[in-house]
Amino acid sequence: NADIRLLMIATKGVGYDLLFAKGQEKLHVEVKGVSGREIDFNLTPKEFKCAKEDARWRVLVITNALTAPSAALFKGRELLERAKIEATQYRVMV
């Protein structure tokens, strides 16, 4: 859509990759690519926080990224309500 503009490609850990604008409305978009057809990916702690707290945050998941790409877009709260979330790492400092 010509009305949607890419304003920024995030280079510092802000919790999303791309900042888009349509008029005054802005979207923070995190992009995840997976090789298979299952939507299964990791979120960083900042991305997870944005999903919970930022109403403008979205995740764009590209499945079959290497063969026949297909896209799905989720709002943060929608993702957290629908998805099975499990911890895969713990930080230990002694």
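Residues numbered from 1 in each chain as written. Predicted model: local features only at pLDDT ≥ 70, side-chain atom pairs only at ≥ 80, totals over all residues. Heavy atoms only, no water.

K.L.:
Would you explain the pattern of salt bridges in this entry?
P.N.:
Should their charged atoms come close, side chains of opposite charge can pair. Evaluated as defined, the whole model comprises six salt bridges. In this structure, the salt-bridge partner of Lys-32 is Glu-30, at a minimum N-O distance of 3.4 Å. Exposure class is identical for Lys-32 and Glu-30. Each is buried. Across the pair Arg-56 and Asp-54 runs a salt bridge, and its minimum N-O distance is 3.8 Å. (Salt bridge = Lys/Arg side-chain N within 4 Å of Asp/Glu carboxyl O. Buried < 20%, exposed > 50% of the residue type's maximum accessible area, 1.4 Å probe, protein only.)

K.L.:
For this particular structure, what's the right way to read the sheet that holds strand β2 (residues 18-22)?
P.N.:
To summarise the sheet geometry, strands pair through backbone hydrogen bonds and adopt either a parallel or an antiparallel arrangement. In space, the five strands of this open sheet follow the order β1-β2-β3-β4-β5, with mixed pairing throughout. At either margin of the open sheet sits one strand with a lone partner, and together these are β1 (4-9) and β5 (70-75). Along the sheet, successive strands turn relative to each other by an average axial angle of 30°, direction set aside. (Pairing = 2+ DSSP bridges. Helix = DSSP H or I, 4+ residues; strand = E, 2+ residues; numbered from the N terminus. Axes fitted to C-alpha atoms, helices over the stretch in contact; angles between N-to-C directions.)

K.L.:
Where do I start with unusual backbone geometry in this structure?
P.N.:
Trans peptide bonds make up the majority, and among non-glycine residues the majority have a negative phi. The phi angle at Asn-64 is positive, at roughly 50°, despite the residue not being glycine. Considering the arrangement of structural elements, one finds Asn-64 in the loop between β4 (57-63) and β5. In this structure Asn-64 comes out as partly exposed when scored by relative accessible area, which is 22%.

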